[in-house]
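A look at the structure
One letter stands for each residue in the lines below.
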Amino acid sequence: MSNSSLATYTRITKNKTSPRNHAIDTITIHCIVGQWTAKQGCDYFATTDRQCSANYVVGKDGSIGLSVDEKDRSWCSSNGTNDNRAITIEVASDTSHPYAVTAKAYAALLDLVTDICKRNGIKKLVWSTNKEDRVNHRNGCNLTVHRDFANKACPGEYLYSRHGEIAAEVNRRLQNASSGAGGELHPQPQKSPQAAPQGPP
Ligand SMILES: [Zn+2]
């Protein structure tokens, strides 16, 4: 089990259960309630007396930090069953409703989630606005939110209302990657630009 190469800062916290007891098949996005960098978030989880952590922190500047190895269970969503199967991601956010995140953080989140899906064989993200669908993984639902398990606003309205959009964008990227249409992983061989267009034989 690997970690994301997108992480530019790593500081592993002791706040974790090692190893996780379930394959990774879920993603849980949180808002950290502070406009922090990834380093600030990882440093916080490494030094706090509170029993909390996340696998990744996405910073306000688009930085990505690793706080708990993917092979391990973070203490993030107030639910051990969820966190044993989920990669948890804390995203820097405003400190009050709707807990907005920066454009850079949002873009980095999309990149990170796409990378997590690719490496862990998650072929498609399935979101539902119905809590029962989410917590019971009905219809392949594999995005959960902290408010499913605790009386919390997390991930905040800004990110909660964008979960459908996040799933759609990540799925578009995953499909492009697997079909070779994305251009990043499987660039089409280019004919020499100098060559004259070829007529019919
Ligand atoms: Zn949360």
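Below you will find a few notes about this structure. No experiment lies behind these values; they were computed from the predicted model shown.

Looking only at helices and strands, the chain features six helices and eight strands. Helices and strands in the chain line up, N terminus first, as β-β-β-α-β-β-β-α-β-α-α-β-α-α. When each of the 201 residues of the chain is scored for burial, the buried share is 48%. The long-range share in the chain, meaning contacts at least 24 apart out of those at least 6 apart in sequence, stands at 70%. Here the chain displays about 10200 Å² of accessible surface, and carbon together with sulfur accounts for 49% of that area.

End to end, helix 3 (residues 103–120) covers 26 Å across 18 residues, agreeing with the expected 26 Å (1.5 Å per residue, within 8%). Within the span of helix 3, buried status applies to Ala-105, Tyr-106, Ala-108, Leu-109, Leu-110, Leu-112, Val-113, Thr-114, Asp-115, Ile-116 and Cys-117. Taken together, the buried residues of helix 3 touch strand 3 (26–31), strand 4 (56–58), strand 5 (64–66), strand 7 (86–91), helix 5 (156–160) and helix 6 (163–179).

Remark: the empty space left among the atoms is shown by a probe the size of a water molecule rolled over them. Within this model, the largest pocket holds a volume of roughly 420 Å³. Of all elements in the fold, only strand 3 and helix 1 (38–47) reach the threshold of two or more residues within the lining of the largest pocket.

With six of six residues buried, strand 7 lies mostly within the body of the structure. On strand 7, burial covers both faces: Ala-86, Thr-88 and Glu-90 on one face and Ile-87, Ile-89 and Val-91 on the other are all buried. The sheet contact formed by strand 3 and strand 7 spans six bridges and is parallel. Within strand 7, the position partnered with His-30 by the bridge is Glu-90. Across three bridges, strand 4 lies against strand 7 in parallel orientation. By the bridge assignment for strand 7, Val-58 is matched with Val-91.

We now examine the coordination of the zinc ion. With distances of 2.1 to 2.3 Å, the protein atoms coordinating the zinc ion are His-30 (ND1), His-146 (ND1) and Cys-154 (SG). Here the donor residues of the zinc ion are spaced in sequence according to H-x115-H-x7-C. Each of the two residues, His-146 as well as Cys-154, counts as buried.

As a packed pair, helix 3 and helix 6 sit with axes 10 Å apart at the nearest point and diverge in direction by 50 degrees. Overall, the two elements helix 3 and helix 6 adopt an arrangement that is oblique. Every pair of crossing elements has a handedness; the one defined by helix 3 and helix 6 is right-handed. Side by side, helix 3 and helix 6 meet where Tyr-106, Leu-109, Leu-110, Asp-111, Val-113, Thr-114, Cys-117 and Lys-118 of the first sit next to Glu-165, Ile-166, Glu-169, Val-170, Arg-173, Leu-174 and Ala-177 of the second. Partitioned by chemical class, the residues of the contact of helix 3 with helix 6 number nine nonpolar, one polar and five charged.

Of all hydrophobic cores here, the largest spans 34 residues; its most connected members are Ile-27, Ile-89, Val-91, Val-113 and Leu-125. Counting residues per element, the ones that place at least two in this core are strand 3, strand 4, strand 5, strand 7, helix 3, helix 5 and helix 6. No other element matches helix 3, which puts nine residues into this core. Ignoring sequence-local partners within four residues, the contact set of Ile-89 consists of Ile-27, Thr-28, Ile-29, His-30, Tyr-56, Val-58, Leu-109, Leu-112, Val-113 and Ile-116. Within the second largest apolar cluster, eight residues are counted, among which are Ile-32, Cys-42, Phe-45 and Ala-54.

A few words on the sheet that holds strand 7. The strand order 1-5-4-7-3-8 describes an open sheet built from six strands, whose pairing is mixed. A strand with exactly one partner marks an edge of an open sheet, and here the two such strands are strand 1 (9–10) and strand 8 (143–144).

Here the focus is the environment of Tyr-99. As for its position among the elements, Tyr-99 is in the loop between strand 7 and helix 3. Here Tyr-99 falls in the buried class, since its relative accessible area comes to 18%. Separated by 67 residues in sequence, Tyr-99 and Ile-32 place their C-alpha atoms 8.9 Å apart.

Mapping His-30 onto the fold places it in strand 3. At a separation of 3.3 Å, a polar atom in the side chain of His-30 contacts the side chain of His-146.

Quick notes on the rules
Residues numbered from 1 in each chain as written. Predicted model: local features only at pLDDT ≥ 70, side-chain atom pairs only at ≥ 80, totals over all residues. Heavy atoms only, no water. Helix = DSSP H or I, 4+ residues; strand = E, 2+ residues; numbered from the N terminus. Buried < 20%, exposed > 50% of the residue type's maximum accessible area, 1.4 Å probe, protein only. Contact = heavy atoms within 4.5 Å. Areas by Shrake-Rupley, 256 points an atom, 1.4 Å probe, with all protein chains shown as cover. Expected span 1.5 Å × (residues − 1). 1 Å grid on protein atoms, 1.4 Å probe; cavity = no way out; pocket = protein on both sides within 12 Å on 5 of 7 lines; lining within 4 Å. Points joined across faces, edges and corners; volume = space filled by probe spheres on them. Pairing = 2+ DSSP bridges. Donors = N, O, S within 2.8 Å, 3.2 Å for Na, K, Ca; no water. Axes fitted to C-alpha atoms, helices over the stretch in contact; angles between N-to-C directions. Parallel < 35°, antiparallel > 145°, perpendicular 65-115°, else oblique. Left-handed = near helix turned anticlockwise from the far one by under 90°. Nonpolar A, V, L, I, M, F, W, Y, C, P; charged D, E, K, R; others polar. Core = buried A, V, L, I, M, F, W, Y, C linked by side-chain atoms within 4.5 Å. Polar contact = N/O pair within 3.5 Å; in protein donor to acceptor, adjacent residues only side chain to side chain.

Shape is all these values report; function is a separate question.
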